[in-house]
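Here is how the chains run, residue by residue.
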Amino acid sequence: MGKIALLIAMAEGDLIEAYVSSAREKGFLVATGKVGSMDVQKIIAAVETAAKREGLVDERYRSQHALYHAILDALQGLGRGPIQLGNVLRTVGLRFAILIGPRTLSDKDDLWIAVGMYGMIGAPIKGHEHEVCGLGINHL
């Protein structure tokens, strides 16, 4: 599940739809999007909005809570620990993928949520950034 989320987040061009289609054929619910910001709250909001727009989460606390923690785990991977962006003059430009489905393809009854993120992080000056990726997985 995590590999698929990261592959979709890292894919470009026609590969994005190919990976999304493959994931859906395997039974995963999928949402994708892009976000760029120096504000962690804007990144969280973009991922949550994409998940709600595609029907991956509903109004129940359980699904929103699982999504929130998967996002935070992915962001910690991007930031190499504590989530700090604007307050230390760092910005990100990210593509993300959200998946809901079984943790493994052999365990269809147990649903999990994964958030994969890939992009660039660095000072808000062109040429001062580098690649990053993060992954968060939580049970539903």
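Residues numbered from 1 in each chain as written. Predicted model: local features only at pLDDT ≥ 70, side-chain atom pairs only at ≥ 80, totals over all residues. Heavy atoms only, no water.

Caption draft 1: Molecular detail of the pattern of salt bridges. A full pass over the atoms with the stated rule returns three salt bridges. A salt bridge links Glu12 to Arg95, with the nearest nitrogen and oxygen atoms 3.9 Å apart. In this pair, Glu12 sits in the loop between α1 (2-10) and α2 (14-25) while Arg95 sits in strand β2 (residues 91-102), placing the two residues 83 residues apart along the sequence. Between Arg53 and Glu54 there is a salt bridge, with its nearest N and O atoms 3.7 Å apart. (Salt bridge = Lys/Arg side-chain N within 4 Å of Asp/Glu carboxyl O. Helix = DSSP H or I, 4+ residues; strand = E, 2+ residues; numbered from the N terminus.)

Caption draft 2: Here's a closer look at the nonpolar core. Core analysis: the biggest nonpolar cluster contains 28 residues, and Leu67, Ile98, Val115 and Met117 have the highest contact counts within it. Mapped onto this core, the elements with two or more residues apiece are β1 (29-37), α3 (40-53), α4 (61-79), β2 and β3 (111-122). No other element matches α4, which puts eight residues into this core. Discounting residues that sit within four places of it in the chain, Ile98 has contacts with Leu29, Val30, Ala31, Val47, Ala50, Ala51, Leu56, Leu67, Ile113, Ala114 and Val115. (Core = buried A, V, L, I, M, F, W, Y, C linked by side-chain atoms within 4.5 Å. Buried < 20%, exposed > 50% of the residue type's maximum accessible area, 1.4 Å probe, protein only. Contact = heavy atoms within 4.5 Å.)

Caption draft 3: Region of interest: the packing of α1 against α2. Two numbers describe how α1 lies on α2: the axes approach to 8 Å, and their chain directions differ by 155°. Here α1 is positioned roughly antiparallel relative to α2, judged by the angle of their axes. Between α1 and α2 lies a crossing of left-handed hand. Of α2, the residues touching α1 (which contributes Ile4, Leu7 and Ile8) are Tyr19, Val20 and Ala23. For the contact of α1 with α2, the per-class residue count stands at six nonpolar, no polar and no charged. (Axes fitted to C-alpha atoms, helices over the stretch in contact; angles between N-to-C directions. Parallel < 35°, antiparallel > 145°, perpendicular 65-115°, else oblique. Left-handed = near helix turned anticlockwise from the far one by under 90°. Nonpolar A, V, L, I, M, F, W, Y, C, P; charged D, E, K, R; others polar.)

Caption draft 4: Geometry of the side chain of Arg95. At 3.3 Å, the side chain of Arg95 and the backbone oxygen of Ala11 are in polar contact. Ignoring any residue separated from it by four or fewer positions in sequence, one finds Arg95 in contact with Ala9, Met10, Ala11, Glu12, Gly33, Lys34, Gly116, Met117 and Tyr118. (Polar contact = N/O pair within 3.5 Å; in protein donor to acceptor, adjacent residues only side chain to side chain.)

Caption draft 5: Quick look at the layout of surface pockets. Roughly 160 Å³ of volume is contained in the largest pocket. Mapped by element, the contributors of at least two residues to the lining of the largest pocket are α4 and β2. Per-class residue counts for the lining of the largest pocket are six nonpolar, three polar and three charged. (1 Å grid on protein atoms, 1.4 Å probe; cavity = no way out; pocket = protein on both sides within 12 Å on 5 of 7 lines; lining within 4 Å. Points joined across faces, edges and corners; volume = space filled by probe spheres on them.)

Caption draft 6: Representation of the packing of α3 against α4. Where α3 meets α4, the closest approach of the two axes is 10 Å, and the angle between their N-to-C directions is 135°. Compared by their axis directions, α3 and α4 come out oblique. Handedness of the crossing formed by α3 with α4: right-handed. Only Gln64, Leu67, Tyr68, Ile71, Leu72 and Leu75 of α4 make contact with α3, whose side of the interface consists of Val40, Ile43, Ile44, Val47, Glu48, Ala51 and Lys52.

Caption draft 7: Region of the structure containing the sheet that holds β1. Taken together, four strands build an open sheet; the order of strands is β1-β2-β3-β4 and the sheet is antiparallel. Two strands lie at the open edges of the sheet, namely β1 and β4 (129-139), each paired on one side alone. For this sheet, the mean angle separating the axes of adjacent strands, direction not counted, is 15°. Pairing between β1 and β2: nine bridges, direction antiparallel. By the bridge assignment, Val30 is partnered in β2 with Leu99. (Pairing = 2+ DSSP bridges.)

In short, the description is geometric, and any link to function would need to be established separately.
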